[in-house]
There are 2 protein chains.
Amino acid sequence: MKRYLLLLLAGLSLKAGAQSTELQSPDNRLRLWVHLDNEGHLQYALKFGQRDVLQPGTLGITLKEPNVDLATFRLVDQKVTSHDATWTPVWGEWSRIRDQHNELRFELEDRSDAHIRVNVLFRLFNEGLGFRYEFPEQKNLQHFVVAAEHTQFHLSGDHNAFWIPGDYDSNEYPYNHTRLSAVDATVGDQHTEISTRSIIGPDFVQTPLMLKSDDGLYINIHEAALINYPAMNLHVDKQQHLLQSQLVPDAVGNSAYLQTPARTPWRTVIVSDKATDVLAATKMILNLNEPPALKSTAFIKPQKFVGVWWEMHVGKGSWDYAGGQVGSQQSSRVPHSANTANVKRYIDFAARNGIKSVLVEGWNTGWEDWFGRWKEDVFDFVTPYPDFNVKELHAYAKKKSVKIIMHHETSGSVTNYERWMDTAYRFMKLFGYDAVKTGYVGRIIPRGEHHDGQWMVNHYTRVAKKTGQYGIMVDMHEPTRPTGLQRTYPNWLASEAARGNEFNAWSVGNPPAHETILPFTRLIGGPMDYTPGIFEIKMSAYDPKKKEQVHTTLAKQLALYVTMYSPLQMAADLPENYEKHKDAFQFIKDVAVDWDDTKYLAAEPGEFLWVARKAKGSASWFAGAVTNEQSRTIEADFSFLEKGKTYLATIYRDADNAHWQNNPTAYTIEKRRVTADTKLTLKLAAGGGVAISLVPVK
Amino acid sequence: MKRYLLLLLAGLSLKAGAQSTELQSPDNRLRLWVHLDNEGHLQYALKFGQRDVLQPGTLGITLKEPNVDLATFRLVDQKVTSHDATWTPVWGEWSRIRDQHNELRFELEDRSDAHIRVNVLFRLFNEGLGFRYEFPEQKNLQHFVVAAEHTQFHLSGDHNAFWIPGDYDSNEYPYNHTRLSAVDATVGDQHTEISTRSIIGPDFVQTPLMLKSDDGLYINIHEAALINYPAMNLHVDKQQHLLQSQLVPDAVGNSAYLQTPARTPWRTVIVSDKATDVLAATKMILNLNEPPALKSTAFIKPQKFVGVWWEMHVGKGSWDYAGGQVGSQQSSRVPHSANTANVKRYIDFAARNGIKSVLVEGWNTGWEDWFGRWKEDVFDFVTPYPDFNVKELHAYAKKKSVKIIMHHETSGSVTNYERWMDTAYRFMKLFGYDAVKTGYVGRIIPRGEHHDGQWMVNHYTRVAKKTGQYGIMVDMHEPTRPTGLQRTYPNWLASEAARGNEFNAWSVGNPPAHETILPFTRLIGGPMDYTPGIFEIKMSAYDPKKKEQVHTTLAKQLALYVTMYSPLQMAADLPENYEKHKDAFQFIKDVAVDWDDTKYLAAEPGEFLWVARKAKGSASWFAGAVTNEQSRTIEADFSFLEKGKTYLATIYRDADNAHWQNNPTAYTIEKRRVTADTKLTLKLAAGGGVAISLVPVK
């Protein structure tokens, strides 16, 4: 750390009482301006080259207990430092990540009689800006309550936005693509398929918010290191194109309970004139998170899995023993899926195909009335249904070298889950489970708390820590949106926290553009358990009356294993459906889940994505492209490959007559030799994609 | 059970559509009238002989999810049964308890389109009435929310009442004695020494509510078997002397979440023309509770204990290691009390005096900022302060045949306690603890929940169950008021749940009448850990500047061991204070804590109490009398003793010049022989008392 470099450009200005400071990114493309005006209001602005990213916007926080509005400040000190270091993630898109940034610590004291000390810490990366509020230890402030945070993001125009409604409980909306001035979050009310919605109001959106300016800037606003604080929504002032933080309240209307020394999450602004830079800027989010707290990470293994799961979504089987709980809209009783024989069938399939593990949902008692009741004592997480033989399956899976993934659906009754957690994790270790999928479907208990409030944020990190202590990997469904905490808790492999593939089985589903937006929004914060790999695309296969379908071609489902980064990837379809397309399934068997390198080659949010990744510890690459409802061609340049090497490319592409709606399962598999000099035109059907494996020829 | 006896007196009346039923108590003194009027409103009334106890009052409940106001009903069926059985409590005031009552089950269907079935079950004992709502399993109602309960107690006049403010969080108020029409619960606002107050409004009072009518009836209104439901407060309509149930709301304003089959607690009305009958009617409360759920009760041992506790209240030592946390108002730092050497001193004292156990508070980390912060992660219940050697003290106590009582102060952060409970109880078993005192000082977390709401009620029973499973006895401080659950959970030995002796150490304290009211109010529901036995009565002994004192004579402190029933009795003062009065301390050493028989010989609420109890499995008796601020004489009749036997009575009485304020420690000990024919005039000083041990002469 070298302090007081030339980075401090303007220093204190000469205007009476007012003070300004500027900071540049390491590559000098980004310029941050921080300003205290005569009245002590704190403002900041950001430029990308000559273009305004953020116009002056104010910063502040209102406290309760003590009641102090931190709105006007005196500058106590400012410190500028420069950082450049490289670190190795336990798993990820890159095997080495560089953390290069310049930092400005603005040390302030509020102008009220309370004399509260607060720092604002700015870090400027080449990818964008992160800043947070810090409350150092001090006599005038120990325990306190945050009533509201007033962080502004003052955009330079009425940008195009990919947004979902600001909501305290759900992030499972499809994305809207409008000008900011046209945001109307009440469209979310139509999505009655989302079980627990708490839309804040018409003018609120969630982060990660993806924006594109008319002058060609791609801007992403989100947060990093969301710990011991509620998630942030954004209020949209449509006249001034001004976004302002709106924290998720708790049961009594407060935002956060803190004790000094305390700090907020980082507020992040990623910016570039290239869309692909935004995708790669997940590095910046990771850099704003702390290194792992775990001593041993040997138990953490990126993996693919199958699961007793999709068959409940499509209505072939049920979660509950009584046979009534299915994902699709139907009233008939069906067999209980998580029975010993059926689980063995999945274990056999996984073993035959080199799939590491089998998720089993609906194995434990409680599913008959788990949903929508706000019931507290639903599951105990250790009592199997009578047809699920824990010991027998443990032995069987062990013999087949397959792991069973535990499932802990809490139904939102988190007080109940917390009572059982230790017992449940001990049960897991006793019966050989080393990974758990958790779920939070429904209204939260403690009643009045929200999925995205501080109490639940603390619960998620508590689960991540505790599972880590037990040597257990975790995959959370229905948590708040990720903010890069997978760096600190690498056993927290993935989250759902967005609208997953499952919605296609029993609702209006996800439009073909969905998977071209998620990498620019939800995935900025961390890996998603999207559950790709659906080969039986139309639900009419299960019931002729059904009209639901996955809005995809089969080839696109393969491409998602590359375009939607996750160290935990499900092969979500039924074994019998994979048996029908063994040639296509080969890609799922082959594709890696952990990477040495990632190249975002071409992309446009809402339109398409073209990505290549080098498998970790291997010379093989995997590449994928997906498109929205438009068919398109991608001029694929393979210069990312090692010069002078020849690779056998196996190309899983849409057949020429493929179409997501009319002909989704038409695909073609081609093999050809390619080198770094090869250029190919890849044709993607409407709602289609292409997946390529690239294995060096010996 | 004999059904359809002659008990059904009036049967269905002949008025068009209206239906009336009457039921009598086994001794025919009480008469219940239940009535459905033409519109279907359900009413009930109660007579004691010819005197009205309750005039017609209506019954009903408003539901949410589904939204149905259960206010008008159709009678589906009515069943009358008669019960007479005797059972043996694990411990108590009597070794055998007779449960004799007549029961009317009024089976109703609500007149709305919801057709919800609800039963009202009335049980009429000689001591009074209990009734509850039952929601049987039915197609039209499974999971539901109780929005409000509309149970009326329509009194016959503007009775004198002993009341404390209706409050969702605290029952630690001193009692008020006024006409019902003069109730003003805002007086509770003056009691700033109560850390967490949530007074409902000026017209609300708590139960047990003790009333006396101008025509000489003693009436007590309370509830029994408070399980999975919020506690009930009472709204006072001062014009109509009509009390109506006001349930404690949860964080979102609901009252209870239930699932059929479900039932409310019993609403109880104890009535007699003798005050002593009310004291003995705790039997009725017990009879309305379920038998023990525990298989083994061998670990449950009524006992006396001393504790590292009062020295913190008087400011000699602190709970926290830093030395700042004391009960009295002082700012100076004092030594940390729960240090190994000091605890050994208490163990030695207990061992020397045949006291079974030593409570140690302040042994674990977290006390520095435990109070008033609404902080969630305060204590972990397993980490001792560095000067408290768990292993060494375990060995030392074992050698001395003394048990250490664990202390779990939660500071109201119950989510945190629930996470740690299993770990904490395993820690206890590992280090030889078999009893725990819990505490709930402060605002509850989950935030928005109240001490007396359904969520906390469920917590208390969860603690009772779980400690029972671990073979641990429990004493709860700051829970909701007891309702006889000690029958079902006999390991739940006692609760505080009222204004205890501790308030005398550092606040305006408790007036001398306090202990003459508690047996008629708080103790109706169950034993109280009142912590009697203070010999150093004036706090000026610790600090000449202090004006606080216990409002008592020393002799009265001894009498409390008999008049305030509890199977868990603290000898609350410091060992060095007992050493100064070894002759008086002899009574505390001798007095029993479990009883074969109890005789309430004379009493008047707010004035005095004269009680005799026969020690369990022994021929010895112990008797006690206490008075309010008035000195008085009691004509003591010893006819409760076994005829023909002679007893050596040791009488610990106020000296002739004793007075609670001027001369509290003046006492006289006399020995004399008494028989069943003996009559004595006992003189009680102002704020005084008398304690007598009666040992058969061989």
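Criteria and thresholds
- Residues numbered from 1 in each chain as written.
- Chains lettered and ligands numbered in written order.
- Predicted model: local features only at pLDDT ≥ 70, side-chain atom pairs only at ≥ 80, totals over all residues.
- Heavy atoms only, no water.
- Helix = DSSP H or I, 4+ residues; strand = E, 2+ residues; numbered from the N terminus.
- Rg over C-alpha atoms; globule rule 2.2 N^0.38 Å.
- Buried < 20%, exposed > 50% of the residue type's maximum accessible area, 1.4 Å probe, protein only.
- Contact = heavy atoms within 4.5 Å.
- Lys, Arg positive; Asp, Glu negative; His and termini not counted.
- Charge placed at Lys NZ, Arg CZ, Asp CG, Glu CD.
- Least-squares fit on C-alpha atoms with pLDDT ≥ 70 in both.
- Buried area = accessible area lost by both parts, 1.4 Å probe.
- Salt bridge = Lys/Arg side-chain N within 4 Å of Asp/Glu carboxyl O.
- UniProt positions renumbered as here; feature names shortened; annotations may be inferred.
- Patch = residues over 30% accessible without salt bridge, like charges linked within 9 Å, V, L, I, M, F, W, Y side chains within 5 Å.
- Areas by Shrake-Rupley, 256 points an atom, 1.4 Å probe, with all protein chains shown as cover.

Take the overall build of chain A next. Of the regular secondary structure elements, chain A holds 12 helices and 38 strands. The C-alpha atoms of chain A give a radius of gyration of 25 Å, which matches the 26 Å a tight globule of 698 residues would have. Dimensions of chain A along its principal axes, counting C-alpha atoms only, are 75 × 60 × 45 Å. Considering chain A as a whole, with its 698 residues, one finds that 66% of them fall into the buried category. Long-range contacts, defined as pairs at least 24 residues apart, comprise 70% of the intrachain contacts of chain A with a sequence gap of at least 6. With 77 positive and 80 negative side-chain charges, chain A shows a separation of 6 Å between the mean positions of the two kinds.

With that out of the way, let us pick up the relation of the copies chain B and chain A. With an axial shift of 0.0 Å and an RMSD of 0.0 Å, the rotation relating chain B to chain A amounts to 180°. Taken together, these values place the two copies in the relation of a two-fold axis. Mapped onto chain A, 100% of the interface residues of chain B are again interface residues, and the two copies thus contact each other with one and the same surface.

This paragraph deals with the interface of chain B and chain A. The interface of chain B with chain A comprises 27 residues on the first partner and 27 residues on the second. Here chain B and chain A share an interface that buries about 2300 Å² over both sides, 46% of which is from carbon and sulfur atoms. Per-residue buried area on chain B facing chain A is highest for His143(B), Arg419(B) and Arg447(B); these three make up 26% of the total on that side. Summed over the shared surface of chain B and chain A, the number is four salt bridges. Glu418(B) serves as the salt-bridge partner of Arg419(A), at 2.4 Å between the closest nitrogen and oxygen.

Attention now goes to the UniProt feature "domain: Glycosyl-hydrolase 97 C-terminal oligomerisation" (unreviewed entry) in chain A. Per the UniProt entry, the sites bearing "domain: Glycosyl-hydrolase 97 C-terminal oligomerisation" (unreviewed entry) are residues 594–694 of chain A in this numbering. Between the C-alpha atoms that bound residues 594–694 of chain A there is a distance of 15 Å. The span itself is 0% helix and 58% strand.

Moving on, we get to the UniProt feature "domain: Glycosyl-hydrolase 97 N-terminal" (unreviewed entry) in chain A. In this numbering, the UniProt entry assigns the feature "domain: Glycosyl-hydrolase 97 N-terminal" (unreviewed entry) to residues 23–291 of chain A. Across residues 23–291 of chain A one finds 4% helix and 51% strand; the C-alpha atoms that close the span lie 25 Å apart.

What follows is about a positive patch on the surface. The grouping of Lys301(A), Lys356(A), Lys398(A), Lys403(A) and Lys429(A) at the surface amounts to a positive patch. Examined against the element boundaries, Lys398(A) turns out to sit in helix H5 (residues 390–399).

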